[in-house]
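# Summary of structural features
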Amino acid sequence: MNTINYKVFVGTVAFSMEDDSICGKIMGIHALVTYEAQSVDELKAAFQEAVEDYIDLCKRVGKEPL
């Protein structure tokens, strides 16, 4: 399985044949957070944005992000 890393988070990397995109989800958290892109550079940015959004959400609800 291919993975991507940002801060302390690890995400999956998979190719979707259905819509010709690269997609994934953040692993090791108690939520389902996904991201999708059309290129590797876009996927990196989408993953980092998903991580930051997840961290912000956790702060707003008073939850540890891991």
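Before any of the text, the structure's been laid out above.
A few points on the structure. (Residues numbered from 1 in each chain as written. Predicted model: local features only at pLDDT ≥ 70, side-chain atom pairs only at ≥ 80, totals over all residues. Heavy atoms only, no water.)

## Quick word on the nonpolar core
Note that soluble globular proteins tend to have their nonpolar side chains buried in a common cluster. With 17 residues, the main nonpolar core has Phe9, Ile26, Tyr35, Phe47 and Val51 as its most contacted residues. Put simply, the parts of the chain that give this core at least two residues each are β1 (2-6), β3 (21-27), β4 (34-37) and α1 (40-61). Here this core gets 8 residues from one element, more than from any other, and that element is α1. (Core = buried A, V, L, I, M, F, W, Y, C linked by side-chain atoms within 4.5 Å. Buried < 20%, exposed > 50% of the residue type's maximum accessible area, 1.4 Å probe, protein only. Helix = DSSP H or I, 4+ residues; strand = E, 2+ residues; numbered from the N terminus.)

## Here we look at the environment of valine 13
Among the structural elements, valine 13 can be located in strand β2 (residues 9-16). For valine 13, a relative accessible area of 23% gives the class partly exposed. Sequence separation between valine 13 and phenylalanine 47 is 34 residues, and the spatial gap between their C-alpha atoms is 9.7 Å. For valine 13, the residues in contact, after removing those within four places along its chain, are Asn2, Thr3, Ile4, Ile22, Cys23 and Leu43. (Contact = heavy atoms within 4.5 Å.)

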